[in-house]
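Per-entry structural report
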Amino acid sequence: MNLKKKRILKAALFLVALYFIWLGTALLRYREPQAKAPSKQSGVFEIKGVYHIHTTFSDGRKTPDEIAAIAARQALDFIILTDHGKPNRKSLASRGWKDKVLVLAGSEISVSRGHLVALDFNLPRPFFSQNADQACSEVEALGGFSIIAHPFSKTRWSWGEHALYSGIEIIDADTMIKKNFLTSVPYLPALLLKPGLYLLKMIDRPDQTLRKWDELSREHPLSGYYSADAHMLYSALLSCFRLHVLMPGPLSQDFETAKAQVLSALREGRFFSAIDAARPAAGFLFWAWQGQTEFPMGTQLIFDPQAPATLKVRAPFPFRVETRVIHNGESLLSSEEKEVSLIAEEPGTYRVEMYLRDWSPLARDVPWIISNPVFLKEEGK
């Protein structure tokens with residue numbers, strides 16, 4: 001081997017060694033989140049689950065029983081299956097308690113504007129309409145509610161007059177994986193050892209969906225969801241994108257009662273979304289006081305300039321976080337305090353974004369937690 005080839009080989013080996021040192025350091029620094037039981041604080045019971053999961057009843061790789069077993073190992077309280085269909089009756093028939101996990105199901109419907117997730121509906125005869133606005137009306141008429149799925153990717157949502165949908169997906173994991181695959185290739189070996197690290201490196205700030213959410217929320221209350229959109233990689237995805245549901249009492253062991261508890265909370269916006277693979281998010285609270293009454297996130301209140309509502313945020317975490325209160329899409333306040341309180345001096349939509357400020361694989365500009373809003377309406381509007 002001549003001198004030039006030896007130098008090239010040494011340089012290549014040096015770069016490979018640097019890469020493995022860099023990757024090894026990242027793997028050692030990142031710790032997978034530990035499973036925790038449901039929490040209770042200030043009379044509020046918090047449970048956690050994962051929304052938007054596909055099974056072998058559509059284009060997923062595992063059965064509902066297999067996915068429930070994964071959820072049980074992660075101490076999740078519920079999962080929500082959303083197999084494709086009009087609706088997907090097999091998926092709906094799989095609901096129930098499995099391995100002490102509440103398995104709920106809706107359907108992801110292909111409609112004229114894009115994809116729509118329908119939840120908590122009675123079965124239609126025979127199918128939902130393919131017209132988006134009509135499908136929304138049908139879901140509501142059957143007692144359910146609907147969520148716009150991945151509005152700016154895959155089958156993009158075409159915006160028109162506001163229909164009866166009640167939610168919008170802010171982050172969609174399947175979209176992030178496909179969009180950012182090339183940039184995350186250096187972390188590919190982590191998929192075998194610490195898949196949560198690999199997923200976290202794929203997430204970028206969802207500016208477009210956050211802006212659209214704020215725009216639509218000025219006209220009509222709308223909840224925001226972090227969506228797993230899981231077709232495979234279930235263990236990693238179920239550990240990452242979670243909904244934390246807040247309830248006045250513990251989760252019932254009766255299926256119908258527990259189903260009503262969770263879906264009512266989602267319908268009313270009494271939950272927050274979090275990227276738990278970065279740090280466990282249990283304990284966050286956002287609420288409002290008006291007069292002597294406390295109101296959870298998701299509530300609509302009449303704005304009273306003579307007695308304005310007080311907004312409160314609790315961030316009881318043993319690590320640094322930045323809390324941002326967002327009013328009508330603009331940052332109103334930023335703080336690293338454990339508790340934040342402010343007077344809502346104007347009507348509009350108020351919500352919270354929380355960011356990790358200690359070391360984390362999650363990018364600094366990605367909201368670790370998003371709350372649902374408190375909606376302060378002007379009287380008569």
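Scroll up to find the structure.
Residues numbered from 1 in each chain as written. Predicted model: local features only at pLDDT ≥ 70, side-chain atom pairs only at ≥ 80, totals over all residues. Heavy atoms only, no water.

Moving on, we come to the sheet that holds strand S10 (residues 223-227). One open sheet accounts for 5 strands, arranged S6-S7-S8-S9-S10; its pairing is mixed. Edge positions in the sheet fall to strand S6 (107-111) and S10, since each of these pairs with one other strand and no more. The mean angle between the axes of side-by-side strands here comes to 35 degrees, regardless of whether they run parallel or antiparallel. When strand S7 (residues 114-119) meets strand S8 (residues 145-148), the two strands line up antiparallel, connected through 4 bridges. Bridge pairing in S8 places leucine 116 opposite isoleucine 148. Contacting strand S9 (167-172) and S10, helix H8 (residues 207-217) runs over the sheet at an angle of about 165 degrees to S9. (Pairing = 2+ DSSP bridges. Helix = DSSP H or I, 4+ residues; strand = E, 2+ residues; numbered from the N terminus. Axes fitted to C-alpha atoms, helices over the stretch in contact; angles between N-to-C directions. Contact = heavy atoms within 4.5 Å.)

Examined against the element boundaries, glutamate 322 turns out to sit in strand S17 (residues 321-327). A polar contact of 2.8 Å, which involves the side chain of glutamate 322, links it to the side chain of arginine 357. Once residues within four sequence positions are removed from consideration, glutamate 322 is found in contact with Ser334, Ser335, Glu336, Glu353, Met354, Tyr355 and Arg357. (Polar contact = N/O pair within 3.5 Å; in protein donor to acceptor, adjacent residues only side chain to side chain.)

This next bit is on the nonpolar core. By size, the foremost hydrophobic cluster in this structure holds 95 residues, and its most contacted members are Ile79, Ile203, Leu238, Ile275, Phe284 and Trp368. Sorting elements by how many residues they give to this core places helix H9 (residues 234-240) first, with 5 residues. (Core = buried A, V, L, I, M, F, W, Y, C linked by side-chain atoms within 4.5 Å. Buried < 20%, exposed > 50% of the residue type's maximum accessible area, 1.4 Å probe, protein only.)

Turning our attention to helix H1 (residues 3-29). An ideal rise of 1.5 Å per residue puts 39 Å on 27 residues; H1 measures up with 39 Å between its terminal C-alpha atoms. Of all the residues in H1, the buried ones are Leu23, Ala26 and Leu27. For H1, the secondary structure elements touched by its buried residues are helix H6 (190-193) and helix H7 (195-200). (Expected span 1.5 Å × (residues − 1).)

This part takes up the packing of aromatic side chains. Under the counting rule described, the total for this entry stands at 9 aromatic pairs. Plain terms: the ring middles of phenylalanine 121 and phenylalanine 128 are 5.1 Å apart, the flat faces sit at 85 degrees to each other, and that makes the pair edge-to-face. Taking 4.9 Å as the distance between ring centres and 70 degrees as the angle between the ring planes, the aromatic pair formed by phenylalanine 272 and phenylalanine 284 counts as edge-to-face. Of this pair, phenylalanine 272 sits in strand S12 (residues 271-275) while phenylalanine 284 is found in the loop between S12 and strand S13 (285-290), placing the two residues 12 residues apart along the sequence. Exposure class is identical for phenylalanine 272 and phenylalanine 284. Each is buried. Each residue in the set Tyr51, Tyr225 and Phe271 is aromatic and connected to the rest through ring pairs, giving one cluster. Here the basic side chain of lysine 86 rests over the ring of phenylalanine 127, its NZ or CZ set 5.4 Å away from the ring centre. Here the guanidinium or amino end of arginine 279 rests over the ring plane of phenylalanine 319, the centre of that ring lying 4.5 Å away. (Phe/Tyr/Trp six-rings, centres within 6.5 Å; stacked < 30°, edge-to-face > 60°. Lys NZ or Arg CZ within 6 Å of the ring centre and 35° of its normal.)

Moving on to the pattern of salt bridges. Enumeration according to the criterion identifies 16 salt bridges in this entry. The partner of arginine 270 in a salt bridge is glutamate 268, with the nearest N and O atoms 2.9 Å apart. A residue is classified by how much of its surface remains accessible, and arginine 270, at 16% relative accessible area, is buried. The class of glutamate 268 is partly exposed, set by a relative accessible area of 44%. Sharing partners across several salt bridges, the network here consists of Arg205, Asp207, Asp214, Arg351 and Glu353. (Salt bridge = Lys/Arg side-chain N within 4 Å of Asp/Glu carboxyl O.)

Reading across the sheet, the 4 strands line up as S14-S13-S16-S19 and stay open at both edges, with antiparallel pairing between neighbours. Of all strands in the sheet, those with a lone pairing partner are strand S14 (293-296) and strand S19 (339-343), marking the two edges. If you compare each strand with its neighbour and ignore which way they point, the axes differ by 25 degrees on average. Pairing between S13 and S14: 4 bridges, direction antiparallel. Bridge pairing links tryptophan 287 to proline 296 in S14.

Take a nonpolar patch on the surface next. Taken together, the side chains of Phe14, Leu15, Leu18 and Ile21 present a nonpolar region at the surface, about 430 Å² in accessible area. Mapped onto the fold, phenylalanine 14 is located in helix H1. Residue classification places phenylalanine 14 among the exposed residues on the basis of a relative accessible area of 52%. (Patch = residues over 30% accessible without salt bridge, like charges linked within 9 Å, V, L, I, M, F, W, Y side chains within 5 Å. Areas by Shrake-Rupley, 256 points an atom, 1.4 Å probe, with all protein chains shown as cover.)

We now examine unusual backbone geometry. Along the chain, lysine 86 connects to proline 87 via a cis peptide bond; the corresponding omega equals 10 degrees. Examined against the element boundaries, proline 87 turns out to sit in the loop between strand S3 (78-81) and helix H3 (89-93). Between arginine 125 and the following residue, proline 126, the backbone shows a cis peptide bond with an omega angle of -15 degrees. Mapped onto the secondary structure, proline 126 falls in the loop between S7 and helix H4 (132-141). At histidine 52, a position not held by glycine, the phi torsion is positive, near 75 degrees. Counting through the fold element by element, histidine 52 comes out in strand S2 (residues 44-53). With phi around 65 degrees, aspartate 120 is a residue other than glycine that occupies positive phi space. Looking at the element boundaries, aspartate 120 is found in the loop between S7 and H4. For aspartate 120, a relative accessible area of 22% translates into the label partly exposed.

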